[in-house]
Amino acid sequence: MSPTPEPGEFVTLLTDEETAALHAAGRPRRWDRGDTVCSEGDVADWVLLLTSGRVKVSSHTPNGTEVVLAVRGPGALLGEFAALDGLPRSATVTALEPVEGVAIRDFPGYLREHGRVAVLLIRMLIGKMRDADRKRIEYGAFDTTGRVATRLIELAERYGEPVDDGVMVALPLSQDELAGWTGASREAVSKSLRSLRDRGLIETGRRRVTIHDMEGLRRRAR
């Protein structure tokens, strides 16, 4: 049985019949942790409906620095831009843990048969653009600690599990990847995490963060 799709991801917008038709249009695929699902610059005509596991979506600057654009989980649709406009892929998708999905080659054909889904896809793409705009504003308005706090809140809201002393997030990202997601150096992110720990807002461990004071973290994120 597939994990429950994450709130707000593409498949949560579909009816059971639309979801079944999407699965029927593709074939199952799986990747191990660290595998590249698709690469920036590739020319490909398929999209992936992620059914389990989490991936990072990233791009590289001309000097080779990785910029993490998003973390996606079950229910996400990946690669829709290239499948629709025929241009090379604009980002690399990497498995942060073992992942499974359904690869759909004739996605435009599926949309032609399911007009309602095409409208939902447009709305989802607009949402992605709004999120990208919001992150650009964050980079200019927030300091590194504020951006780190914002990303931790996002992870907690999507993946957090309540524990006795707060909310625990099994962090799928290394500090280098978290740095790429916040537009900062690894050293700056390490310093920010230490500052948040010293304030008693969080506790960190290997690949996990426990948030002890969510409201305090939200205030620091502003």
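Shown above is the structure to which this text applies.
Residues numbered from 1 in each chain as written. Predicted model: local features only at pLDDT ≥ 70, side-chain atom pairs only at ≥ 80, totals over all residues. Heavy atoms only, no water.

### Comments concerning the packing of helix H6 (residues 175–182) against helix H7 (residues 186–198)
A pair of packed helices is characterised by two quantities: the angle between their axes and the separation of those axes.
Right, on to step 1. Two elements in contact, H6 and H7, have axes separated by 8 Å at closest approach and are oriented at 95 degrees. Between H6 and H7, the angle falls in the class roughly perpendicular. Together, Gln175, Asp176, Leu178, Ala179 and Thr182 of H6 and Arg186, Val189, Ser190 and Leu193 of H7 make up the contact between the two elements.
Right, on to step 2. Partitioning the contact of H6 with H7 into residue classes produces four nonpolar, three polar and two charged. (Axes fitted to C-alpha atoms, helices over the stretch in contact; angles between N-to-C directions. Helix = DSSP H or I, 4+ residues; strand = E, 2+ residues; numbered from the N terminus. Parallel < 35°, antiparallel > 145°, perpendicular 65-115°, else oblique. Contact = heavy atoms within 4.5 Å. Nonpolar A, V, L, I, M, F, W, Y, C, P; charged D, E, K, R; others polar.)

### Here we look at the pattern of salt bridges
Right, on to step 1. By the definition in use, this model includes 15 salt bridges.
Right, on to step 2. Linking glutamate 9 and arginine 158 is a salt bridge whose minimum nitrogen-to-oxygen distance equals 3.9 Å. In this pair, glutamate 9 is assigned in the segment before helix H1 (16–24) and arginine 158 in helix H5 (residues 144–159), connecting sequence segments 149 residues apart.
Right, on to step 3. The partly exposed category is assigned to arginine 158, whose relative accessible area is 23%.
Right, on to step 4. Here glutamate 80 makes a salt bridge to lysine 128, at a shortest N to O gap of 2.6 Å. Pair noted here: glutamate 80 is in helix H2 (residues 80–85) and lysine 128 is in helix H4 (residues 115–141), with a separation of 48 residues, a long-range link.
Right, on to step 5. Judged by its relative accessible area of 24%, lysine 128 falls in the partly exposed class. (Salt bridge = Lys/Arg side-chain N within 4 Å of Asp/Glu carboxyl O. Buried < 20%, exposed > 50% of the residue type's maximum accessible area, 1.4 Å probe, protein only.)

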